[in-house]
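Chain and residue survey
Residue-level listing of the chains:
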Amino acid sequence: MLEATSLGDGWILRHEPDALPASVPGCVHTDLMAAGVIPDPFLGLGESEVAWVGRRDWTYERELTGASAREQTDLVFDGLDTVAEISLDGRLLGKVRNMHRSYRFDVTGLSGRLSVRFVSAYAEAEAVRGRLGERPAAYAEPYQYLRKMACSFGWDWGPTLVTAGIWRPVRLEHWSMARIARVRPMVTVDGGVGVVELAVDVERTRVEAPLALEATVGGVRARAEIDGAGGTVRLRVPDVRLWWPRGYGEQPLYDVELRLLHGEDALDVWRRRIGFRTVELDQRPDAHGTGFTLVVNGERLFARGVNWIPDDVFPSRITRERYRERLEQAARAGVDLVRVWGGGIYESEDFYDACDELGLLVWQDFPFACAAYPEEQPLRGEVEAEARENVVRLMPHPSLVLWNGNNENLWGFRDWGWEPRLAGDSWGEGYYLGVLPRVVAELDPTRPYTAGSPWSGSWDRHPNDPAHGTHHSWEVWNREDYADYRLSVPRFVAEFGWQAPPAYATLRRALPGEELAPDSPGMLHHQKADDGNGKLERGLARHFAVPKGDFDRWHYLMQVNQARAVAAGIEHWRSHWPVCAGTVVWQLNDCWPVTSWAAVDGDGREKPLYHELKRLYADRLLTLQARDGGLVLAAVNQTAGDWTATVTLRRMSVEGEVLGQVAVEVAAGGRSVARVNVPRELTPAGPKEFLVADAGGDAGAGADPGAGTGAGAGAGGNTGSGTGGQASWDTGPDRNTGPGTGGNAGTGAATGGNAGAGADADAGADPGAGAGGNAGAAAGGGADPGRLRALYFPVPDREVLYPAPRFDVALAPGGITVTARTLVRDLLLQADRLDPGARADRGLVTLLPGEEVTIGVRGWKTPDVESARSALYCVEPTR
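Let us look at the structure shown here. In this text the structure is predicted, and so the values were computed from the model without any measurement. (Residues numbered from 1 in each chain as written. Predicted model: local features only at pLDDT ≥ 70, side-chain atom pairs only at ≥ 80, totals over all residues. Heavy atoms only, no water.)

**As for the overall build of the chain**
Filter applied, for reference: Strands are runs of DSSP state E lasting at least 2 residues, helices are runs of H or I lasting at least 4, and numbering of each runs from the N terminus. Each residue is placed in one exposure class: buried if its accessible area under a 1.4 Å probe, protein chains only, is under 20% of its type's maximum, exposed if it is over 50%, and partly exposed if it falls in between. Methods summary: accessible areas were calculated by the Shrake-Rupley approach with a probe of 1.4 Å, and residue burial reflects only the protein chains presented.
The helix and strand tally for the chain stands at 16 helices and 46 strands. Relative to its full complement of 879 residues, the chain shows a buried share of 65%. Accessible surface computed for the chain: about 27,800 Å², of which carbon and sulfur atoms make up 48%.

If you want it as structure tokens, here you go:
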């Protein structure tokens, strides 16, 4: 049997004249930090102080004793970052130039000093650029000239920390006669029968030796002979249980074991887990354009997605536990699809294992992003080799449902001025429309492939045409207000988002000793977007009065505005299912502490946006939309069963008076949207009125927040008696909230506590207030955890004549209870102000007079009312 020996210990990093202890897996930066040579680049301005590291060559060394009675010994690297020469006892074993590949070297009978010398990625990239010519890109760094994680060169949310190192495990493998070199598992479903076809390549030391394969799965065993260098085993497993995305069913996984035999002796074994499911991508033309709908096991899905970037700029630090924690956060937020973005990496098995178990669908980009990539050697051969290896490596995972050729490169060629600058030079089209679809079709025909995101499917149309295929919505944020999300209905929104700063405790850790201000040195250094603070302020000014000289208020309002922006888009697009078949928020996570589009910040703390996603991605969603000159109540039902509910519509004054009321019946079939026109007499008008829509206890989807089967009302809602947990979103400019009378405001619940999502009405579409109205929906329901709520304000928040907020705060078991004495808009408890380790179970909550909400708090060591009040924020009247 093949034996493996880990080589994780005993390494040194040469830093002349010193030999520093080195961690493997690891990288140069983390080893230098551990040795005290460099500061933590995540803190303060430390990134700038370590820029020299990426410009140097580095060498890792250790002693290797490979004595074995086996016929062959291989030195196996699962990942080397990136350009390196590997030598043993002065003998060159090989040269490598691709972070995304593994490498194997025959070291039979050899021993001595093992050396891995890394060449500066900058030096290699600049040399390739010199040979192949300049190619345009979104950023000035030369990331498109070598096969390395692009965002290590910086991004509009990430630091420039160009590292090197043995970033994945390394080992010796000792074997005799033959070993399993590659297994390509094809898993399909034929009726109720699971079909597994294992195409196996073997490497031999003895060509003449008779070999066989034996495989087992689901109690079924099959055997096949090896013919030369390969063979295929086929198994049919009766009555298989189907693997489903979360919210649609269970995620049964089957163990597969494949043994390579010589007679009855096992020479090698391969083990994985698989799931049985079918997947299609429906891109048929229709009356609205060209669709983009994922179909799993015959079920058409509205994809509730997030974009994933590497969770650390040094990916060797990401543990199995950290992957699990971050992906469980996604599942608890109602997410069912995670897009692995093309400026990162093919993630580790730990990532895909967690997605398999949690029912998270994976859309995998090939690693190309925001640049023109040369198609000549040495890159072309590397691209095909890495694609072949990683397509096969990831095939066992049922969560993987889509291969995508690149991020924004087809769009960039057409729209970003690349075409004339290239003047006929290669730029990557041959990869996305040639090499990669050919590799996927050959090796993994069970999964769909799309050439890029965005991509309309044809050069006859604009690549980012919202009526065809995938769409990236970046006019909003860069130039337009988030109200403009409501101006179109893309077929599939693969990127959209809005920035906000990270949690307060994250800023305090990352910027020690700094007097925080939007433009303080550390805050500006940890804002990487072009004109990022300007876009934040202009975006806020449309909705709130921008606070001056009050960082805490600025911080709160920016987080509110982020949640409202994302909610504006998702509520609108979900209400247009099935024309729009998915939203993928940019982004779930961060790779360091930074102001960014993330819902979970670089320290793993959840922003208000995160809690708002629980409501927005719940199986059932209630929303008020300005449409066709009036208001429409949309009931979005993503469960399989029918949803029938009585919805109470109340036209109210900001003082809490009910000005009109009616009950309407809504009936939404499974996987459908019901729409009801709001009676015109209930349409609010002016700065002192708003509309409330409440669905009763049967409205909730009953999601389990721990299992992540859909957030929303019903996932362990508020314990108070009011409407807590709801979220409102203003389509107009919300105003800023000073500390005001009663302190700040409370947080959103794990069941989908609301976060205001400013979905502005289109100009002229709001019957009461034209373009300035703001609509919002809220999950939760006080004592009734099954209640769903939607809110609509006809004017921007900065114009709403809110009363000065008044509310009572009391300690409750495991948290606090807030009781509203007035209308309290977007209450937020910033629990990390109570203790850096404290977490609240909900985000933004809007309370009507007399309503209450209980906010659970974990990690708060010494609870007291005054501390709680000081950590509460809410919207306040504009002064």
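**Looking at the packing of helix α6 (residues 379–394) against helix α9 (residues 429–443)**
Each pair of packed helices can be summarised by the angle the axes make with each other and by the distance between the axes. Rules: Axis lines are fitted through C-alpha atoms, for helices just across the contact stretch, and the angle between N-to-C directions can take any value from 0 to 180 degrees. Definitions for this section: a left-handed crossing has its near helix turned counterclockwise from the far helix by less than a right angle. A right-handed crossing has that turn clockwise. Should any heavy atoms of two residues lie within 4.5 Å, those residues are considered in contact. For this scheme, ten residues count as nonpolar: Ala, Val, Leu, Ile, Met, Phe, Trp, Tyr, Cys and Pro. Four count as charged, namely Asp, Glu, Lys and Arg, and the remainder, Gly too, count as polar.
Put simply, α6 and α9 touch, their axes get as near as 10 Å, and they point 35 degrees apart. Helix-helix and strand crossings are classified by hand; for α6 and α9 the assignment is right-handed. Residues Leu379, Arg380, Val383, Glu384, Ala387, Arg388, Val391 and Val392 of α6 form the contact with α9, whose own contacting residues are Tyr431, Val435, Leu436, Arg438, Val439, Val440, Glu442 and Leu443. A class-by-class count of the residues in the contact of α6 with α9 yields eleven nonpolar, no polar and five charged.

**With respect to the sheet that holds strand β3 (residues 18–21)**
Counted only if it meets this: Think of it this way: DSSP has to see at least two bridges between two strands before they count as a pair.
As summarised here, the arrangement of the six strands in space is β3-β2-β4-β9-β6-β7, forming an open sheet in which the pairing is antiparallel. In this open sheet, the two edge strands, each paired with only one partner strand, are β3 and β7 (91–97). Here the strands of the sheet are splayed against their neighbours by 25 degrees on average, with no regard to which way each runs. Two elements, strand β6 (residues 83–88) and strand β9 (residues 111–118), share five bridges in a ladder whose sense is antiparallel. Directly across from Ser87, in β9, lies its bridge partner Ser115.

**Brief notes about the sheet that holds strand β11 (residues 178–190)**
What the three strands build is an open sheet, ordered β11-β12-β15; its pairing is antiparallel. If you trace the sheet from one side to the other, it starts and ends with β11 and β15 (230–237), each paired once. Neighbouring strand axes in the sheet, compared pairwise and without regard to direction, differ in orientation by 15 degrees on average. In this structure, strand β12 (residues 193–204) lies alongside β15, joined through eight bridges in antiparallel fashion. Counterpart to Ala199 in the pairing with β15 is Thr232.

**A word on the packing of aromatic side chains**
The condition that has to hold: Centres within 6.5 Å make a pair out of two Phe, Tyr or Trp rings, where for Trp the six-membered ring is used; the pair is then stacked when the planes are under 30 degrees apart, edge-to-face when over 60, and tilted otherwise.
Inspection of the entire model under this criterion finds 45 aromatic pairs. Judged by centre distance (5.1 Å) and plane angle (80 degrees), the ring pair of Tyr254 and Phe276 falls under edge-to-face. Placement of the pair is Tyr254 in strand β16 (residues 254–262) and Phe276 in the loop between β17 (265–274) and β18 (279–282), with a sequence separation of 22 residues. No difference in accessibility class separates Tyr254 from Phe276, as the two residues are buried. Aromatic pair Tyr485 and Phe496: ring centres 5.7 Å apart, planes at 90 degrees, arrangement edge-to-face. Highlighted residues: Tyr485 in the loop between α10 (475–478) and β29 (492–495) and Phe496 in the loop between β29 and α11 (504–510), separated in sequence by eleven residues. The exposure class of Tyr485 is buried, given its relative accessible area of 1%.

**Brief notes about the pattern of salt bridges**
Quick reminder of the rule: Salt bridge, as used here, is a side-chain nitrogen of Lys or Arg placed within 4 Å of a carboxyl oxygen of Asp or Glu.
Applying the stated criterion to the full structure yields 74 salt bridges. If you follow the salt bridges from partner to partner, you end up with Asp74, Asp78, Arg104, Arg171, Glu173, Arg179 and Glu203 in one network.

**Description of the pairing of strand β42 (residues 824–829)**
Burial analysis of β42 places six of its six residues in the buried class, the great majority of the element. Two strands pair when backbone bridges link them, and β42 and strand β44 (residues 845–847) are joined in this way by two bridges, in the antiparallel orientation. Counted as the bridge partner of Val824 is Leu847 from β44. In terms of strand pairing, β42 meets strand β46 (residues 872–873) through two bridges, oriented antiparallel. Each residue of the ladder has a partner; that of Leu829, found in β46, is Leu872.

**Some points on the nonpolar core**
Formally: Residue types Ala, Val, Leu, Ile, Met, Phe, Trp, Tyr and Cys, when buried and joined through side-chain atoms within 4.5 Å, form a set referred to as a nonpolar core.
Membership of the largest hydrophobic core comes to 201 residues, with the highest contact counts inside it found for Leu75 and Leu613. At 13 residues, the largest contribution of residues to this core is made by helix α14 (residues 551–574). Not counting the four nearest positions on each side in its chain, Leu613 is found in contact with Val306, Ala333, Val566, Ile570, Val585, Ala599 and Ala618. One finds Met177, Val220, Leu235 and Ile274 within the second-largest nonpolar core, a separate group that totals 30 residues.

**Quick look at helix α3 (residues 121–132)**
The condition that has to hold: By this rule the span expected of a helix is its residue count minus one, scaled by 1.5 Å. Taking the helix axis as origin, the arc is that swept by the directions to the C-beta atoms.
The terminal C-alpha atoms of α3 lie 16 Å apart, and with twelve residues this matches the ideal 16 Å at 1.5 Å per residue to within 8%. Taken together, the buried positions of α3 are Ala121, Tyr122, Glu124, Ala125, Val128 and Leu132. Down the axis of α3, the buried set is contained in an arc of 165 degrees. They therefore lie on one face. In α3, those exposed residues whose orientation departs by more than 90 degrees from the buried face are Gly130 and Arg131. For α3, the secondary structure elements touched by its buried residues are β6, β7 and α6. Backbone geometry just downstream of α3 places Gly133 in the positive-phi region, at approximately 100 degrees.

**So, the packing of helix α4 (residues 320–332) against helix α5 (residues 349–358)**
The following threshold applies: Working rule for angles: under 35 degrees goes down as roughly parallel, over 145 as roughly antiparallel, 65 to 115 as roughly perpendicular, anything else as oblique.
Packing of α4 against α5 leaves a shortest axis separation of 9 Å and a crossing angle of 40 degrees. Considering their axes alone, α4 and α5 lie oblique with respect to each other. The hand of the α4/α5 crossing is right-handed. Taken together, the residues of α5 that come into contact with α4 (itself represented by Arg320, Tyr323, Arg324, Leu327 and Glu328) are Asp350, Phe351, Asp353, Ala354, Cys355, Glu357 and Leu358. Residues that form the contact of α4 with α5 fall into these classes: six nonpolar, no polar and six charged.

**Some points on unusual backbone geometry**
Backbone torsion omega between Trp577 and Pro578 reads 10 degrees, so that peptide bond is classified as cis. Note on placement: Pro578 falls in the loop between α14 and β30 (582–585). The omega torsion across Trp586 and Gln587 is 10 degrees, close enough to zero to call that bond cis. Within the secondary structure layout, Gln587 lies in the loop between β30 and α15 (608–616).

Treat this as a map of the structure, not an account of what it does.
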